[in-house]
Amino acid sequence: MNATERGIREQFPLWAKADLDGARPSADKVQVVVGCGTSVHIADSIAVCLNAHGHQSRAVPGNEWTRRPHDYVPEAVAAEIIALSRSGESTETVAAARASQSAGQRVTAITCAGGSALCDHADSVIAAETHAEEGIVMTASASLMLLLGMRYAGITLGSPTIEAARRLLEAADSTLPELIDGRTHFVFLGGGAFYGVAREGALKMQEMSLSQSEAHHPLEYRHGPISLIDERSLVIMMYHPDTLEEEGLLARDLLSKGAKVLGLGGPGTISLPVEGERGTGPLVCLPVLQLLGEYVARSKNLDTLAPRHLTKVVTIG
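Residues numbered from 1 in each chain as written. Predicted model: local features only at pLDDT ≥ 70, side-chain atom pairs only at ≥ 80, totals over all residues. Heavy atoms only, no water.

A. Representation of the overall build of the protein. Along the backbone of the protein there are twelve helices and ten strands. Taken against the 2.2 N^0.38 rule, which gives 20 Å for 317 residues, the C-alpha radius of gyration of the protein at 19 Å falls within 12% of a compact globule. In terms of overall dimensions, the protein has C-alpha extents of about 55 × 40 × 40 Å along its principal axes. The buried share among the 317 residues of the protein stands at 57%. The contacts in the protein between residues at least 6 apart in sequence include a share of 76% that link residues at least 24 apart. Summing over all exposed atoms, the protein offers an accessible surface of approximately 12,900 Å²; the carbon and sulfur share of this is 49%. Of the charged side chains in the protein, 27 are positive and 37 negative, and the gap between their average positions amounts to 2 Å. (Helix = DSSP H or I, 4+ residues; strand = E, 2+ residues; numbered from the N terminus. Rg over C-alpha atoms; globule rule 2.2 N^0.38 Å. Buried < 20%, exposed > 50% of the residue type's maximum accessible area, 1.4 Å probe, protein only. Contact = heavy atoms within 4.5 Å. Areas by Shrake-Rupley, 256 points an atom, 1.4 Å probe, with all protein chains shown as cover. Lys, Arg positive; Asp, Glu negative; His and termini not counted. Charge placed at Lys NZ, Arg CZ, Asp CG, Glu CD.)

Shown next, in the form of C-alpha coordinates:
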(Lines give C-alpha, C1' and ligand atoms only; values in the text may rest on other atoms or scores of the structure.)
Protein backbone atom coordinates (compact mmCIF):
# COMPACT_ATOMS: atom_id res chain seq x y z
CA MET A 1 0.00 0.00 0.00
CA ASN A 2 1.53 3.33 -1.01
CA ALA A 3 1.04 6.71 0.65
CA THR A 4 -1.77 7.69 -1.75
CA GLU A 5 -3.79 4.63 -0.80
CA ARG A 6 -3.12 5.12 2.90
CA GLY A 7 -4.39 8.69 2.60
CA ILE A 8 -7.61 7.47 0.98
CA ARG A 9 -8.24 4.70 3.48
CA GLU A 10 -7.23 6.68 6.57
CA GLN A 11 -9.13 9.90 5.91
CA PHE A 12 -12.23 9.23 8.00
CA PRO A 13 -10.78 10.16 11.43
CA LEU A 14 -9.82 13.50 9.87
CA TRP A 15 -13.43 14.00 8.80
CA ALA A 16 -14.49 13.54 12.42
CA LYS A 17 -12.08 16.28 13.53
CA ALA A 18 -13.07 18.87 10.92
CA ASP A 19 -14.87 21.87 12.45
CA LEU A 20 -16.59 24.92 10.97
CA ASP A 21 -15.98 26.88 14.18
CA GLY A 22 -19.32 28.67 13.79
CA ALA A 23 -18.75 30.03 10.27
CA ARG A 24 -21.86 30.59 8.14
CA PRO A 25 -22.86 32.40 4.94
CA SER A 26 -24.58 35.78 4.99
CA ALA A 27 -28.27 35.50 4.22
CA ASP A 28 -28.44 38.50 1.87
CA LYS A 29 -25.47 37.94 -0.44
CA VAL A 30 -24.72 35.69 -3.40
CA GLN A 31 -22.17 33.06 -2.42
CA VAL A 32 -19.36 32.74 -4.98
CA VAL A 33 -17.35 29.56 -4.42
CA VAL A 34 -13.89 29.92 -5.95
CA GLY A 35 -11.13 27.39 -6.55
CA CYS A 36 -8.84 25.80 -9.13
CA GLY A 37 -8.57 22.20 -10.32
CA THR A 38 -9.96 19.81 -7.72
CA SER A 39 -11.08 22.77 -5.63
CA VAL A 40 -13.34 24.19 -8.35
CA HIS A 41 -14.95 20.77 -8.83
CA ILE A 42 -15.61 20.63 -5.09
CA ALA A 43 -16.88 24.20 -5.36
CA ASP A 44 -19.47 23.04 -7.91
CA SER A 45 -20.95 20.62 -5.39
CA ILE A 46 -20.82 23.14 -2.54
CA ALA A 47 -22.62 25.75 -4.66
CA VAL A 48 -25.44 23.29 -5.38
CA CYS A 49 -25.77 22.58 -1.67
CA LEU A 50 -25.85 26.30 -0.86
CA ASN A 51 -28.63 26.87 -3.40
CA ALA A 52 -30.60 23.91 -2.05
CA HIS A 53 -30.43 25.44 1.41
CA GLY A 54 -31.60 28.90 0.40
CA HIS A 55 -28.32 30.69 -0.39
CA GLN A 56 -28.00 31.83 -4.00
CA SER A 57 -24.63 30.57 -5.17
CA ARG A 58 -22.38 29.67 -8.06
CA ALA A 59 -18.90 28.19 -8.49
CA VAL A 60 -16.27 30.08 -10.51
CA PRO A 61 -12.65 29.18 -11.37
CA GLY A 62 -10.18 31.42 -9.57
CA ASN A 63 -8.76 33.34 -12.52
CA GLU A 64 -12.21 33.81 -14.06
CA TRP A 65 -13.38 35.47 -10.86
CA THR A 66 -10.30 37.70 -10.70
CA ARG A 67 -10.47 38.80 -14.32
CA ARG A 68 -14.18 38.63 -15.23
CA PRO A 69 -16.27 38.71 -12.04
CA HIS A 70 -19.21 40.51 -13.65
CA ASP A 71 -19.55 37.79 -16.27
CA TYR A 72 -20.66 35.59 -13.37
CA VAL A 73 -22.37 37.95 -10.90
CA PRO A 74 -23.80 41.33 -11.99
CA GLU A 75 -21.94 44.33 -10.58
CA ALA A 76 -25.00 45.54 -8.71
CA VAL A 77 -25.43 42.24 -6.82
CA ALA A 78 -23.75 41.94 -3.43
CA ALA A 79 -21.52 38.88 -3.19
CA GLU A 80 -19.27 37.18 -0.70
CA ILE A 81 -16.55 34.72 -1.55
CA ILE A 82 -15.73 31.21 -0.35
CA ALA A 83 -12.19 30.44 -1.53
CA LEU A 84 -11.03 26.81 -1.55
CA SER A 85 -7.36 25.82 -1.65
CA ARG A 86 -5.62 22.86 -0.01
CA SER A 87 -2.28 24.66 0.22
CA GLY A 88 -3.61 28.18 0.50
CA GLU A 89 -0.88 29.16 -1.97
CA SER A 90 -2.48 28.57 -5.40
CA THR A 91 -1.72 31.74 -7.33
CA GLU A 92 -5.12 32.13 -8.98
CA THR A 93 -7.12 31.47 -5.82
CA VAL A 94 -5.04 33.84 -3.71
CA ALA A 95 -5.41 36.49 -6.41
CA ALA A 96 -9.18 35.98 -6.46
CA ALA A 97 -9.35 36.42 -2.69
CA ARG A 98 -7.16 39.54 -2.82
CA ALA A 99 -9.24 41.08 -5.61
CA SER A 100 -12.46 40.29 -3.77
CA GLN A 101 -11.29 41.98 -0.60
CA SER A 102 -10.16 45.00 -2.64
CA ALA A 103 -13.70 45.15 -4.04
CA GLY A 104 -15.12 45.20 -0.51
CA GLN A 105 -16.36 41.60 -0.55
CA ARG A 106 -16.06 39.35 2.46
CA VAL A 107 -13.84 36.29 1.90
CA THR A 108 -14.05 32.99 3.77
CA ALA A 109 -11.14 30.61 3.18
CA ILE A 110 -11.56 26.84 3.36
CA THR A 111 -8.09 25.30 3.39
CA CYS A 112 -5.81 22.65 4.82
CA ALA A 113 -3.08 25.20 5.52
CA GLY A 114 -3.76 27.73 8.24
CA GLY A 115 -1.36 30.66 8.06
CA SER A 116 -1.04 30.45 4.26
CA ALA A 117 -1.21 33.32 1.79
CA LEU A 118 -4.92 32.68 1.25
CA CYS A 119 -5.54 33.14 4.95
CA ASP A 120 -3.82 36.53 4.77
CA HIS A 121 -6.50 37.63 2.30
CA ALA A 122 -9.53 36.13 4.10
CA ASP A 123 -11.87 37.66 6.64
CA SER A 124 -12.49 34.24 8.19
CA VAL A 125 -10.63 30.94 7.90
CA ILE A 126 -11.94 27.39 8.11
CA ALA A 127 -8.91 25.10 8.32
CA ALA A 128 -8.81 21.31 8.35
CA GLU A 129 -5.97 18.90 9.01
CA THR A 130 -5.37 16.64 6.04
CA HIS A 131 -3.48 13.34 5.85
CA ALA A 132 0.22 13.76 6.66
CA GLU A 133 1.28 11.65 3.67
CA GLU A 134 -0.94 13.25 1.05
CA GLY A 135 1.13 14.00 -2.04
CA ILE A 136 0.44 15.86 -5.26
CA VAL A 137 -2.93 14.22 -5.92
CA MET A 138 -5.67 15.62 -3.67
CA THR A 139 -7.60 12.91 -1.84
CA ALA A 140 -8.38 13.44 1.87
CA SER A 141 -8.03 17.21 1.44
CA ALA A 142 -10.69 17.24 -1.29
CA SER A 143 -13.06 15.27 0.92
CA LEU A 144 -12.42 17.58 3.87
CA MET A 145 -13.11 20.74 1.89
CA LEU A 146 -16.32 19.22 0.52
CA LEU A 147 -17.38 18.18 4.02
CA LEU A 148 -16.77 21.67 5.42
CA GLY A 149 -18.47 23.33 2.47
CA MET A 150 -21.55 21.11 2.83
CA ARG A 151 -21.78 21.95 6.51
CA TYR A 152 -21.31 25.63 5.66
CA ALA A 153 -24.30 25.33 3.32
CA GLY A 154 -26.43 23.98 6.17
CA ILE A 155 -26.25 20.20 5.73
CA THR A 156 -26.20 18.10 8.88
CA LEU A 157 -23.15 15.90 8.52
CA GLY A 158 -21.81 13.81 11.37
CA SER A 159 -20.83 10.31 12.39
CA PRO A 160 -23.64 8.51 10.46
CA THR A 161 -22.28 9.94 7.20
CA ILE A 162 -18.65 9.27 8.10
CA GLU A 163 -19.45 5.64 8.89
CA ALA A 164 -21.53 5.34 5.70
CA ALA A 165 -18.55 6.52 3.64
CA ARG A 166 -16.26 4.08 5.38
CA ARG A 167 -18.67 1.20 4.73
CA LEU A 168 -19.08 2.12 1.07
CA LEU A 169 -15.32 2.24 0.54
CA GLU A 170 -14.93 -1.18 2.15
CA ALA A 171 -17.78 -2.61 0.07
CA ALA A 172 -16.39 -1.18 -3.18
CA ASP A 173 -12.82 -2.27 -2.50
CA SER A 174 -13.17 -5.91 -3.53
CA THR A 175 -15.27 -5.07 -6.61
CA LEU A 176 -12.96 -2.54 -8.26
CA PRO A 177 -10.34 -4.93 -9.74
CA GLU A 178 -13.07 -6.90 -11.51
CA LEU A 179 -14.75 -3.76 -12.82
CA ILE A 180 -11.60 -2.19 -14.25
CA ASP A 181 -10.35 -5.35 -15.94
CA GLY A 182 -10.09 -4.61 -19.68
CA ARG A 183 -11.55 -1.11 -19.30
CA THR A 184 -9.75 1.93 -20.69
CA HIS A 185 -12.59 4.46 -20.99
CA PHE A 186 -14.04 5.84 -17.75
CA VAL A 187 -17.25 7.86 -17.47
CA PHE A 188 -18.47 9.56 -14.29
CA LEU A 189 -22.13 10.55 -14.15
CA GLY A 190 -23.93 12.50 -11.46
CA GLY A 191 -26.66 15.11 -11.16
CA GLY A 192 -27.16 17.95 -8.70
CA ALA A 193 -24.38 18.03 -6.10
CA PHE A 194 -23.07 14.73 -7.51
CA TYR A 195 -21.97 16.50 -10.71
CA GLY A 196 -19.02 18.31 -9.15
CA VAL A 197 -17.92 15.04 -7.58
CA ALA A 198 -18.28 13.32 -10.98
CA ARG A 199 -15.96 15.95 -12.44
CA GLU A 200 -13.53 15.34 -9.60
CA GLY A 201 -13.68 11.58 -10.21
CA ALA A 202 -12.81 12.14 -13.87
CA LEU A 203 -9.94 14.43 -12.90
CA LYS A 204 -8.59 11.88 -10.41
CA MET A 205 -8.65 9.22 -13.12
CA GLN A 206 -6.72 11.48 -15.49
CA GLU A 207 -4.15 12.60 -12.91
CA MET A 208 -3.54 9.22 -11.32
CA SER A 209 -3.75 6.81 -14.24
CA LEU A 210 -3.39 8.92 -17.43
CA SER A 211 -6.65 7.40 -18.66
CA GLN A 212 -9.38 8.71 -20.92
CA SER A 213 -12.14 9.96 -18.63
CA GLU A 214 -15.09 12.31 -18.76
CA ALA A 215 -17.91 13.57 -16.56
CA HIS A 216 -21.50 14.49 -17.44
CA HIS A 217 -24.93 15.02 -15.99
CA PRO A 218 -26.58 11.60 -16.41
CA LEU A 219 -29.42 12.50 -18.76
CA GLU A 220 -27.10 14.64 -20.89
CA TYR A 221 -25.04 11.57 -21.68
CA ARG A 222 -27.37 10.35 -24.42
CA HIS A 223 -26.95 13.67 -26.25
CA GLY A 224 -23.72 12.79 -28.03
CA PRO A 225 -21.17 11.39 -25.54
CA ILE A 226 -22.85 7.97 -25.50
CA SER A 227 -21.34 7.42 -28.97
CA LEU A 228 -18.06 6.45 -27.25
CA ILE A 229 -19.55 3.63 -25.17
CA ASP A 230 -18.33 0.12 -25.93
CA GLU A 231 -16.86 -2.95 -24.23
CA ARG A 232 -13.88 -0.86 -23.03
CA SER A 233 -16.09 1.51 -20.99
CA LEU A 234 -16.66 1.62 -17.25
CA VAL A 235 -19.39 4.01 -16.13
CA ILE A 236 -19.58 5.19 -12.53
CA MET A 237 -23.20 6.22 -11.99
CA MET A 238 -23.83 8.20 -8.80
CA TYR A 239 -27.58 7.99 -8.50
CA HIS A 240 -29.53 11.02 -7.30
CA PRO A 241 -32.59 10.04 -5.24
CA ASP A 242 -34.75 12.47 -7.23
CA THR A 243 -33.94 10.89 -10.60
CA LEU A 244 -33.29 7.27 -9.69
CA GLU A 245 -35.73 5.84 -12.24
CA GLU A 246 -34.45 7.86 -15.21
CA GLU A 247 -30.83 7.14 -14.33
CA GLY A 248 -31.62 3.44 -13.98
CA LEU A 249 -32.97 3.41 -17.54
CA LEU A 250 -29.75 5.02 -18.74
CA ALA A 251 -27.65 2.45 -16.88
CA ARG A 252 -29.53 -0.39 -18.59
CA ASP A 253 -28.94 1.27 -21.94
CA LEU A 254 -25.21 1.55 -21.23
CA LEU A 255 -25.01 -2.08 -20.14
CA SER A 256 -26.69 -3.16 -23.38
CA LYS A 257 -23.97 -1.35 -25.33
CA GLY A 258 -21.14 -3.24 -23.63
CA ALA A 259 -20.25 -0.97 -20.72
CA LYS A 260 -19.80 -2.08 -17.16
CA VAL A 261 -21.59 0.13 -14.62
CA LEU A 262 -20.67 0.76 -11.00
CA GLY A 263 -24.03 1.78 -9.56
CA LEU A 264 -23.57 3.87 -6.43
CA GLY A 265 -27.05 4.09 -5.00
CA GLY A 266 -28.76 2.26 -7.86
CA PRO A 267 -28.54 -0.56 -10.42
CA GLY A 268 -25.41 -1.57 -12.31
CA THR A 269 -23.03 -4.43 -12.99
CA ILE A 270 -22.16 -3.90 -9.33
CA SER A 271 -24.70 -2.03 -7.19
CA LEU A 272 -23.75 -0.57 -3.81
CA PRO A 273 -25.96 1.38 -1.39
CA VAL A 274 -25.13 5.01 -0.57
CA GLU A 275 -26.21 5.77 2.97
CA GLY A 276 -25.62 8.63 5.40
CA GLU A 277 -27.50 11.76 6.38
CA ARG A 278 -29.76 13.51 3.87
CA GLY A 279 -27.86 15.26 1.09
CA THR A 280 -24.45 13.84 1.95
CA GLY A 281 -24.27 11.26 -0.88
CA PRO A 282 -21.63 13.14 -2.92
CA LEU A 283 -19.21 13.09 0.01
CA VAL A 284 -19.97 9.44 0.79
CA CYS A 285 -19.09 8.47 -2.81
CA LEU A 286 -15.91 10.53 -3.16
CA PRO A 287 -13.41 8.13 -1.48
CA VAL A 288 -14.54 5.32 -3.80
CA LEU A 289 -13.68 7.47 -6.83
CA GLN A 290 -10.27 8.22 -5.35
CA LEU A 291 -9.54 4.53 -4.74
CA LEU A 292 -10.72 3.70 -8.26
CA GLY A 293 -8.11 6.05 -9.70
CA GLU A 294 -5.41 4.44 -7.57
CA TYR A 295 -6.39 0.93 -8.70
CA VAL A 296 -6.37 1.86 -12.38
CA ALA A 297 -2.97 3.53 -11.95
CA ARG A 298 -1.64 0.39 -10.28
CA SER A 299 -2.93 -1.77 -13.13
CA LYS A 300 -0.83 0.39 -15.48
CA ASN A 301 2.24 0.38 -13.19
CA LEU A 302 1.97 4.13 -12.61
CA ASP A 303 3.09 5.84 -9.40
CA THR A 304 0.38 8.17 -8.09
CA LEU A 305 2.97 9.90 -5.88
CA ALA A 306 4.64 11.24 -9.04
CA PRO A 307 1.88 12.07 -11.55
CA ARG A 308 3.09 13.32 -14.91
CA HIS A 309 3.46 17.10 -15.42
CA LEU A 310 1.89 17.94 -12.02
CA THR A 311 3.11 19.76 -8.92
CA LYS A 312 1.57 19.89 -5.46
CA VAL A 313 0.96 23.65 -5.63
CA VAL A 314 0.29 25.55 -8.85
CA THR A 315 2.02 28.92 -8.65
CA ILE A 316 2.39 31.35 -11.55
CA GLY A 317 4.96 34.08 -11.98
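From this point, the discussion proceeds with the structure in view.
B. Here's a closer look at the packing of helix α3 (residues 38–52) against helix α10 (residues 194–209). Interaxial distance between α3 and α10 falls to 7 Å at its minimum, and their mutual angle equals 160°. Of the possible angle classes, the one that applies to α3 and α10 is roughly antiparallel. Remark: the crossing between α3 and α10 carries left-handed chirality. Residues T38, V40, H41, D44 and S45 of α3 lie in contact with α10, whose contacting residues are G196, V197, R199, E200, L203 and K204. (Axes fitted to C-alpha atoms, helices over the stretch in contact; angles between N-to-C directions. Parallel < 35°, antiparallel > 145°, perpendicular 65-115°, else oblique. Left-handed = near helix turned anticlockwise from the far one by under 90°.)

C. Region of interest: the side chain of S211. Looking at where S211 falls in the secondary structure, it is placed in the loop between α10 and β7 (212–216). Contacts of S211, omitting those with residues within four sequence positions, involve F186, M205, Q206, V296 and K300.

D. Quick look at the sheet that holds strand β3 (residues 79–85). On the basis of which strands lie adjacent, the open sheet formed by five strands has the order β2-β1-β3-β4-β5 and parallel pairing. Only two strands of the sheet have a single partner each, and these edge strands are β2 (57–61) and β5 (124–127). Here the average twist between neighbouring strands, direction ignored, is 20°. Direction of pairing for strand β4 (residues 107–111) relative to β5: parallel, over a ladder of four bridges. Counted as the bridge partner of T108 is S124 from β5. Sheet strands in contact with α3 are β1 (30–35), β2 and β3, and its direction is about 170° off that of β2. Sheet contacts for helix α5 (residues 91–102): β1, β3 and β4; angle to β3, the most-contacted strand, approximately 160°. (Pairing = 2+ DSSP bridges.)

E. Quick look at the sheet that holds strand β6 (residues 185–190). Reading across the sheet, the five strands line up as β7-β6-β8-β9-β10 and stay open at both edges, with parallel pairing between neighbours. Edge positions in the open sheet fall to β7 and β10 (270–272), since each of these has one partner strand only. Strand-to-strand, the axes of this sheet are offset by a mean angle of 15°, without reference to chain direction. Two strands pair when backbone bridges link them, and strand β8 (residues 233–238) and strand β9 (residues 260–264) are joined in this way by five bridges, in the parallel orientation. Paired with M237 across the bridge in β9 is G263.

F. Quick peek at the packing of aromatic side chains. Here the structure, examined in full by the defined rule, presents one aromatic pair. Where F12 meets W15, the ring centres are 5.0 Å apart and the plane angle is 70°; that geometry is what we call edge-to-face. With a gap of three residues between them, F12 and W15 both fall in helix α2 (residues 12–17), about one helical turn apart. For the residue pair F12 and W15, the accessibility class agrees, reading buried in each case. (Phe/Tyr/Trp six-rings, centres within 6.5 Å; stacked < 30°, edge-to-face > 60°.)

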